[in-house]
Amino acid sequence: FVLFSLCLLFLVSAAASKNKVKGSQGQFPLTQNVTVVEGGTANLTCRVDQNDNTSLQWSNPAQQTLYFDDKKALRDNRIELVRASWHELSISVSDVSLSDEGQYTCSLFTMPVKTSKAFLTVLGVPEKPQISGFSSPVMEGDLMQLTCKTSGSKPAADIRWFKNDKEIKDVKYLKEEDANRKTFTVSSTLDFRVDRNDDGVKVICRVDHESLNSTPQVAMQVLEIHYTPSVKIIPSTPFPQEGQPLVLTCESKGKPLPEPVLWTKDGGELPDPDRMVVSGRELNIIFLNKTDNGTYRCEATNTIGQSSAEYVLIVHDVSNTLLSTTIIPSLTTATVTTSVPISATTTTSSTTSSRRDPNALAGQTGPDHALIGGIVAVVVFVTLCSIFLLGRYLARHKGTYLTNEAKGAEDAPDADTAIINAEGSQVNAEEKKEYFI
């Protein structure tokens, strides 16, 4: 009986062991690849959906056991247990370095042992970029070459150039492997010829890399360009008139800034310092007259060069206001009356104009010769028309008299008889008649 019991117990144990091996054959550990930035923390997880108390183990790329179930096997303070159960074994590796990169193995100790691989990728963070090749200041027209460089990126970083937020595409790119044969040093060179519009422009080198979490690293260089002055003269009024003030502003731009500016007239000094006052970049003419006509020149100079601009001044007469003009012809009496009322302030003789007080205030009015000439022309035209009408009137009246005389001359032998025989003559008339020429 005892022998039978032992045989039965052996058969039951063998069957249970067989069933355990058969159940374990359906189990398989599951892992995932992990990517982490250098200096960060990597979490490695191994899961088993069905497990009959079979042990799990994590080992590093050097096949060193890190954890066996919940027991730490490698003395590394950076490696810690996150979770340990029959269905999961999770560990963390903090302060990850490039040397931690590689293939990690999760093992399930069945018969036979089953494994799953997880590759740990460590990203090398690029260093802050540096821009070299700039020397201040740069002269207008010079060729500038700027180089942007960054090291320690894994994989190699991308470098892009911007000029006032506008990307520049035509650049050179170079990639070199670092001494550790894991990271890269990349550089990019930008070549362009500068002009005055580049002064104060921000040139930006931007480094893009997947380890930067969409926050690129940038380096910036503000350009300083020296150039010759550019000069422009701006008048205070587009239509300068006699007696009015005038301000000419010399707008000069350059780097270094030109200061002060030089004003001349017709190639020489200003003729009337009392009326022509220079204040900074402005030329103030207190009141204008015809002698101020000419070419005014503004000249600006800095350490780079010299430039100038010219303004031709033409002083115009002050406009007068002409009151209404009435023309009344009289055909019956051949009399023409022309009324041209002009205000006392606008009718000024040439003698008075020539003796104008030079200290008179701006805006005072003077004679408009063109307007007066027009008035005289109108008067002459009306007078000629009146003379013409008067001539026609006289011609008609004389014709009527001769006709009456001619009617009496049909049968008369001489002029006296014709007058006596004429119809309506004074001899045959019952009453006295008079003729007026």
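What you see is a predicted model; the values in this text were computed from it and never measured.

Undergrad: Looking at this structure, I do not really get the overall build of the chain. What am I missing?
TA: Per the secondary structure count, the chain includes four helices and 27 strands. Across the 437 residues that make up the chain, the buried fraction comes to 32%. Counting contacts in the chain only where the partners sit at least 6 residues apart, residues at least 24 apart contribute 60% of the total. Total accessible area computed for the chain in this model is approximately 27,300 Å², and 55% of it derives from carbon and sulfur atoms.

Undergrad: What am I meant to see in the nonpolar core here?
TA: Soluble, globular proteins show a tendency: their nonpolar side chains are buried together. Of all hydrophobic cores here, the largest spans 22 residues; its most connected members are Leu-56, Trp-58, Ile-91 and Leu-120. When residues of this core are traced back to their parent elements, those giving at least two are strand E1 (34-37), strand E2 (42-47), strand E3 (56-59), strand E4 (65-68), strand E7 (88-93), strand E8 (102-108) and strand E9 (114-123). Not counting the four nearest positions on each side in its chain, Leu-120 is found in contact with Val-34, Val-36, Ala-42, Asp-100, Glu-101, Gly-102 and Tyr-104. Within the second largest apolar cluster, 19 residues are counted, among which are Ile-233, Leu-248, Leu-270 and Leu-283.

Undergrad: Honestly, the pairing of strand E19 (residues 225-235) in this entry has me stumped. Any pointers?
TA: The two faces of the sheet receive side chains in turn, since in a regular strand these alternate between them. As paired elements, strand E11 (residues 138-139) and E19 share two bridges and run parallel to each other. Paired with Val-138 across the bridge in E19 is Ile-225. Relative to strand E20 (residues 246-255), E19 is paired through seven bridges, and the arrangement is antiparallel. Bridged to Ser-230 within E20 is Lys-253.

Undergrad: Would you take a moment to explain the pairing of E4 for this structure?
TA: In this sheet, E4 lies alongside E3 in antiparallel orientation, the contact comprising three bridges. From the neighbouring strand, Trp-58 faces E4, where its bridge partner is Tyr-67. With antiparallel pairing between neighbouring strands as the criterion, E3 and E4 make up a hairpin whose turn holds five residues, including Gln-63 at a positive phi of roughly 65°. The pairing of E4 with strand E5 (residues 71-72) spans two bridges and is antiparallel. Across the sheet, the residue bridging to Tyr-67 is Lys-72, located in E5.

Undergrad: Where do I start with the pattern of salt bridges in this structure?
TA: Working definition: two side chains of opposite charge can pair if their charged atoms are close together. Under the defined criterion, the tally for this structure stands at 22 salt bridges. Here Asp-208 ties to Arg-160 by a salt bridge, and the two come within 3.6 Å at their closest N and O atoms. Of this pair, Asp-208 sits in strand E17 (residues 202-208) while Arg-160 sits in strand E13 (residues 158-163); the two residues are 48 residues apart in sequence, bridging distant segments of the chain. Members of the salt-bridge network, linked through shared partners, are Arg-160, Glu-167, Lys-169, Arg-206 and Asp-208.

Undergrad: When you look at the state of the cysteines in this model, what are you seeing that I'm missing?
TA: Linking two cysteines covalently via their sulfur atoms produces the bond known as a disulfide. Under the counting rule described, the total for this entry stands at three disulfides. Sulfur-sulfur distance for the disulfide between Cys-46 and Cys-106 comes to 1.8 Å. Disulfide Cys-46 to Cys-106: torsion about the S-S bond roughly -75°, handedness left-handed. Taken as a pair, Cys-46 in strand E2 and Cys-106 in strand E8 lie far apart in primary sequence, 60 residues in all. Using a relative accessible area of 0% as the deciding quantity, one classes Cys-106 as buried. Disulfide partner of Cys-148: Cys-205, at an S-S distance of 1.7 Å. Since a negative S-S torsion denotes a left-handed disulfide, the Cys-148-Cys-205 link at about -70° is left-handed.

Undergrad: Help me out: how do you make sense of the environment of Gly-141 in this one?
TA: Topologically, Gly-141 is positioned in the loop between E11 and strand E12 (143-153). Given the relative accessible area of 30%, Gly-141 is considered partly exposed. As for Gly-141 and Ile-225, which are separated by 84 residues in sequence, their C-alpha atoms are 9.4 Å apart.

Undergrad: Is there a simple way to think about the sheet that holds E7 in this case?
TA: What the three strands build is an open sheet, ordered E2-E7-E6; its pairing is antiparallel. This sheet does not close on itself; its edge strands, each paired only once, are E2 and strand E6 (79-84). Taking each pair of neighbouring strands and ignoring which way they run, the sheet shows an average axis angle of 20°.

Undergrad: Looking at this model, I keep getting lost on the side chain of Asn-302. Mind explaining?
TA: With respect to the helices and strands, Asn-302 occurs in the loop between strand E24 (294-301) and strand E25 (306-313). Looking at Asn-302, the relative accessible area reads 11%, which means it is buried. In this structure the side chain of Asn-302 is engaged in a polar contact, spanning 2.9 Å, whose partner is the backbone oxygen of Pro-256. In terms of polar contacts, Asn-302 uses its side chain to reach the backbone amide nitrogen of Gly-305, at 3.0 Å. Residues within four places of Asn-302 in sequence aside, it is in contact with Tyr-227, Thr-228, Pro-229, Gly-254, Lys-255, Pro-256 and Pro-258.

Undergrad: Hey, could you run me through the confidence of the model for the chain in this one?
TA: Confidence in the prediction for the chain averages 80 pLDDT; 73% of positions are at 70 or higher. Predicted confidence for residues 399-403 stays below pLDDT 50, and this span has zero contacts to residues more than four positions away or in other chains.

Undergrad: Looking at this structure, I do not really get the sheet that holds E24. What am I missing?
TA: Picture the strands of a sheet paired through backbone hydrogen bonds; they go either parallel or antiparallel. Taken together, the three strands give an open sheet; going across it, the order is E21-E24-E25, and neighbouring strands pair in antiparallel fashion. Looking along the sheet, the strands with just one partner apiece sit at the ends: strand E21 (262-265) and E25. Direction aside, neighbouring strands of the sheet carry axes that sit 20° apart on average. The pairing of E21 with E24 spans four bridges and is antiparallel. Within E24, the position partnered with Lys-265 by the bridge is Tyr-296.

What counts as what
Numbering of residues begins from 1 in every chain and follows the order in which that chain's sequence is written. Under the rules for a predicted model, residues below a pLDDT of 70 receive no local features and side-chain atom pairs below 80 are neither given nor counted, while totals for whole chains, interfaces and linings still include all residues. For the side-chain quantities, the full set of heavy atoms in the structure was used; hydrogens and water were omitted. Per the convention used, a helix needs a DSSP run of H or I reaching at least four residues, while a strand needs a run of E reaching at least two, with both numbered from the N terminus. A simple rule labels every residue: compare its accessible area, found with a 1.4 Å probe on the protein chains alone, to the largest value its type can have, and call it buried under 20%, exposed over 50%, or partly exposed in between. Two residues form a contact once any of their heavy atoms are found within 4.5 Å. To be clear on the numbers: accessible area is Shrake-Rupley with a 1.4 Å probe, and residue cover counts the displayed protein chains and nothing else. Only buried Ala, Val, Leu, Ile, Met, Phe, Trp, Tyr and Cys residues count toward a nonpolar core, and they belong to the same one when joined by side-chain atoms within 4.5 Å. When DSSP locates at least two bridges between a pair of strands, those strands are taken to pair. We count a salt bridge whenever a side-chain nitrogen from Lys or Arg sits within 4 Å of a carboxyl oxygen from Asp or Glu. Put simply, a disulfide is two cysteine sulfurs that come within 2.5 Å. Orientation is described by axes fitted as lines to C-alpha atoms, over the contacting stretch for helices, and by angles from 0 to 180 degrees between their N-to-C directions. Polar contacts, as counted here, are pairs of nitrogen or oxygen atoms within 3.5 Å of one another; within protein the pair requires one atom able to donate a hydrogen and one able to accept it, and residues that are adjacent in sequence qualify only if both atoms are side-chain atoms. Confidence scores per residue from the predictor, reported as pLDDT, run from 0 to 100.

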